[in-house]
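Close look at the chain arrangement
The residues making up each chain are set out below.
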Amino acid sequence: GELITVRIEIASDRSIDFIHMKDMRASGLEPMDVISKYRWKDGLGYYQSTKDASTSFFFDRINRGIYVFEYDLRVNNAGKFSNGITTIQSMYAPEFSSHSTGSTIEVKPSK
């Protein structure tokens with residue numbers, strides 16, 4: 001039942017339009033915020049959509065700069081899980097894309 005905060009940092013060296021970012025989630029974690037909706041944070045507007053295995057972010061425009069996104073997940077199982085990667089890509093120019101590295105999460109049962 002512990003909370004984990006996911007933190008994603010985007011560094012953009014140019015302004016770019018119509019971006020999709022997808023953050024894959026490990027199977028032992030459940031999202032806290034499951035309502036899809038438009039959000040505004042630090043001068044950046046985006047639509048956040050939560051699905052079974054991932055959370056997607058859709059941006060009309062990302063201006064040059066560094067942006068930080070955070071959202072909470074709740075641990076629902078003990079074990080060792082493979083966490084997926086986070087990808088970001090321009091929807092109209094797919095050659096502009098990037099992704100994170102994968103990682104593993106180990107959750108030990110509480111005593």
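Now for a description of the structure that goes with this document. Model, not experiment: these values are computed from the prediction.

Some words on the overall build of the chain
Across its full length, the chain holds 0 helices and 11 strands. What you see in the chain, going N to C, is helices and strands ordered as β-β-β-β-β-β-β-β-β-β-β. Sorting the 111 residues of the chain into buried and exposed places 33% on the buried side. Intrachain contacts of the chain at a sequence separation of at least 6 include 70% that bridge at least 24 residues. Entry remark: accessible area of the chain is about 7300 Å², with carbon and sulfur atoms responsible for 50%. Counting 14 positive and 14 negative side-chain charges, the chain places the centres of these two groups 3 Å from one another.

Thoughts on the pattern of salt bridges
Per the stated rule, a full pass over the model turns up 5 salt bridges. A salt bridge links Arg7 to Glu9; the shortest N-O distance between them is 3.2 Å. Using a relative accessible area of 53% as the deciding quantity, one classes Glu9 as exposed. Linking Arg61 and Asp17 is a salt bridge whose minimum nitrogen-to-oxygen distance equals 2.7 Å. In this pair, Arg61 is assigned in strand 6 (residues 54-62) and Asp17 in strand 2 (residues 16-24), connecting sequence segments 44 residues apart.

Brief notes about the layout of surface pockets
Over the atoms, a rolling probe the size of a water molecule traces out where space has been left empty. Considered as a void within the structure, the largest pocket measures approximately 570 Å³ in volume. Lining the largest pocket are 28 residues, and of these Glu9, Ile10, Ala11, Ile88 and Ser98 lie nearest its centre. Contributing elements (two or more residues each) for the lining of the largest pocket: strand 1 (3-12), strand 2, strand 9 (86-90) and strand 10 (97-99). Among the elements that line the lining of the largest pocket, the one with the most residues is strand 1, at 7 residues. For the lining of the largest pocket, the class distribution of residues is 10 nonpolar, 13 polar and 5 charged.

As for the nonpolar core
The biggest cluster of nonpolar side chains holds 21 residues, and the ones touching the most others in it are Ile8, Ile10, Met21, Phe57, Phe59, Ile62 and Phe69. Of all the secondary structure elements, the ones that give two or more residues to this core are strand 1, strand 2, strand 5 (44-50), strand 6 and strand 7 (65-75). Element by element, the count of residues in this core is highest for strand 7, at 5 residues.

As for the sheet that holds strand 10
Sheet architecture is open: 6 strands sit in the order 4-5-6-2-9-10, paired in antiparallel fashion. Looking at strand neighbours, the two that pair on one side only are strand 4 (37-41) and strand 10, the edges of this open sheet. Here the strands of the sheet are splayed against their neighbours by 20° on average, with no regard to which way each runs. Pairing between strand 2 and strand 6: 8 bridges, direction antiparallel. What sits directly across from Met21, in strand 6, is Phe57.

Reading the values: the criteria
Residues numbered from 1 in each chain as written. Predicted model: local features only at pLDDT ≥ 70, side-chain atom pairs only at ≥ 80, totals over all residues. Heavy atoms only, no water. Helix = DSSP H or I, 4+ residues; strand = E, 2+ residues; numbered from the N terminus. Buried < 20%, exposed > 50% of the residue type's maximum accessible area, 1.4 Å probe, protein only. Contact = heavy atoms within 4.5 Å. Areas by Shrake-Rupley, 256 points an atom, 1.4 Å probe, with all protein chains shown as cover. Lys, Arg positive; Asp, Glu negative; His and termini not counted. Charge placed at Lys NZ, Arg CZ, Asp CG, Glu CD. Salt bridge = Lys/Arg side-chain N within 4 Å of Asp/Glu carboxyl O. 1 Å grid on protein atoms, 1.4 Å probe; cavity = no way out; pocket = protein on both sides within 12 Å on 5 of 7 lines; lining within 4 Å. Points joined across faces, edges and corners; volume = space filled by probe spheres on them. Nonpolar A, V, L, I, M, F, W, Y, C, P; charged D, E, K, R; others polar. Core = buried A, V, L, I, M, F, W, Y, C linked by side-chain atoms within 4.5 Å. Pairing = 2+ DSSP bridges. Axes fitted to C-alpha atoms, helices over the stretch in contact; angles between N-to-C directions.

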